[in-house]
Amino acid sequence: MRSTDKVMPRHGSSHAAEYEPLTGPDTPTEMQPEDIILDDDDDDEFSADSSPDEPPFSWVDYGVFVFLGLAMLWAWNMFLAAAPYFESRFQGSPWIKTNFQPTIMTVSTTTSLAAVLILTKRQRSASYPLRISCGLLLNVATFALLTASTTVALGVSPVAYFVFVLAMVAATSVATGLLQNGALAFASSYGRPEYMQALVTGQGVAGMLPALAEVLSVLLFPSGGSGDRSSDASVSTAAAEGKTSAFVYFLAAVVISVVAMVAMIPLRRQNKRNAQYRVLRPAGAADEDTDEDDRSAPARKVVPMRVLFAKLRWLALGVALIFTTTMFFPVFTAKIRSVREPADPWAGGLLAPDAFIPLAFFVWNCGDFAGRVATALGSARRGLGANSSRGGRPKLLFKLAALRIVQLPLYLLCNIGGRGAAVPSDLFYLLLVQLPFGLTNGWLCARLMTSAGSWVDEGEREAAGGFMGMCLIIGLTAGSLLSFSIAGI
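Residues numbered from 1 in each chain as written. Predicted model: local features only at pLDDT ≥ 70, side-chain atom pairs only at ≥ 80, totals over all residues. Heavy atoms only, no water.

**A few points about the pattern of salt bridges**
Then step 1. Inspection of every chain in the model, using the stated rule, returns 5 salt bridges.
Then step 2. For Glu-87, the salt bridge is made with Arg-337, and the minimal N-O distance between the two is 3.8 Å. Placement of the pair is Glu-87 in helix 3 (residues 83–89) and Arg-337 in the loop between helix 11 (329–335) and helix 12 (353–381), with a sequence separation of 250 residues. In this pair, the class of Glu-87 matches that of Arg-337, namely buried.
Then step 3. With its nearest N and O atoms 2.8 Å apart, the salt bridge here joins Asp-368 to Arg-372. Residue Asp-368 and its partner Arg-372 are located together in helix 12, separated by 4 residues, close to a single helical turn.
Then step 4. Its relative accessible area of 2% is what places Asp-368 among the buried residues.
Then step 5. Take Arg-372: its relative accessible area is 2%, and that puts it in the buried class.
Then step 6. Members of the salt-bridge network, linked through shared partners, are Glu-87, Lys-97 and Arg-337. (Salt bridge = Lys/Arg side-chain N within 4 Å of Asp/Glu carboxyl O. Helix = DSSP H or I, 4+ residues; strand = E, 2+ residues; numbered from the N terminus. Buried < 20%, exposed > 50% of the residue type's maximum accessible area, 1.4 Å probe, protein only.)

Right under this line is the structure:
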């Protein structure tokens, strides 16, 4: 172990300047060993604790950000977990039935990416709370239409319903772009990594609840009957039998968005009260001749994306790579069946496809949630709310993200399309394939996202939050396009 004086940043080096985590305009003159995290791959990378001039930590604000994270990804996970219901509506079209999942993902991610690119370029006049509110309002309207679609026009052709679903996907994707950009930038503006961690934890909850709601709705309102569901005469019947569970499922999304809109009210007020903390001051607080009214946030700094990429390149590339890899799992999950699937797949029960598929999504998201929460527990051990910011190890995190690719071939050992499994065990699929893949996704995502604020100047934090959200969506878009390669597996 080298002495502390040998790991101090070399300010004359351009390499060190590029990676040095910045928590304020002034560089500390002394640093204790416990304030440094060494990187085995790059000795110039380190992380310092956050400034004592941060706004105080609030559990109320933390809870609101968790709920905003929940609302942010509810739509996305809803469309994934509702795959069995959509499949019942697309029975009359083999092409749509085979390709609807990657098509939905592609429309969703490309639309979100376009929205985020536009929003990222509009930094100077941005009102991030307004973007959050607009995204939630758009989600309310879209989910209301989806809820209505489960009770009216059940006899429409698969093509017509597919066009309607894609239109709803596009609308929710615009809303997701507004929420992603607004919430990530808004959380970053506080200068507290705990709030960014709260957002990613909420996103993990958003993955679990829709899948769990789908499983429970199918078990509580099973589709009865048997026989061949592939004939044209039975298409409307299959859709009608699942309308009750889908109605409850989509209606829950409306409620989530409305509650999130209400939860934003105290958060916006608290943000105004904490505006004085956005100007970093030396220990000892404000000068005696400084008026309280002057302690407001500075004019928003417009930060070019090339500058942000130069400082955050390993974190940004890591986030993009994580979700490029992750986007293969929804296609596999929608096709893998239980090795003990009942003879009549529409007879109901947990092992039937309409329950087993959302169960698999639920297990994956349980792993994802556990990974995200693990970062929060680490913060708690260091003293949550007490200057516990850490910059992480960008290169190491990127390498771990790349290693996740080796998990994908495990899906090929499972019962894809009911054709048999190399490892004929549902427990193997759920606990050794789905759960670990979700766990690595959640942990790495949380570590990468919460580290970003430590590697930029204070005035760049809002822009950094939006930039990381954009990289996340770039990864989703790339993954959704690549997922077409396995659509016919």
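**Observations concerning the side chain of Lys-335**
Then step 1. Within the secondary structure layout, Lys-335 lies in helix 11.
Then step 2. For the buried Lys-335, no salt bridge exists, and the shortest N-O distance to an oppositely charged side chain is 8.3 Å, to Glu-87.
Then step 3. Residues in contact with Lys-335, not counting those within four places in the same chain, are Thr-98, Asn-415, Ile-416, Gly-417, Gly-418, Ile-486, Ala-487 and Ile-489. (Lys, Arg positive; Asp, Glu negative; His and termini not counted. Contact = heavy atoms within 4.5 Å.)

**Here we look at the side chain of Thr-450**
Then step 1. Tracing the sequence through the fold places Thr-450 in helix 14 (residues 426–451).
Then step 2. Residue classification places Thr-450 among the buried positions, given a relative accessible area of 13%.
Then step 3. Reaching out from Thr-450, the side chain makes a polar contact with the backbone oxygen of Ala-446 at a distance of 2.7 Å.
Then step 4. A distance of 3.4 Å separates the side chain of Thr-450 from the backbone oxygen of Arg-447, its partner in a polar contact.
Then step 5. Those residues in contact with Thr-450, other than ones at most four positions away along the chain, are Pro-193, Met-196 and Gln-197. (Polar contact = N/O pair within 3.5 Å; in protein donor to acceptor, adjacent residues only side chain to side chain.)

**Concerning the environment of Val-64**
Then step 1. On the secondary structure map, Val-64 appears in helix 2 (residues 59–81).
Then step 2. Distance in space between the C-alpha atoms of Val-64 and Val-262 is 9.9 Å, their sequence separation being 198 residues.
Then step 3. Excluding residues within four positions of it along the chain, Val-64 makes contact with Ala-263 and Leu-267.

Structural measurements only, silent on function.
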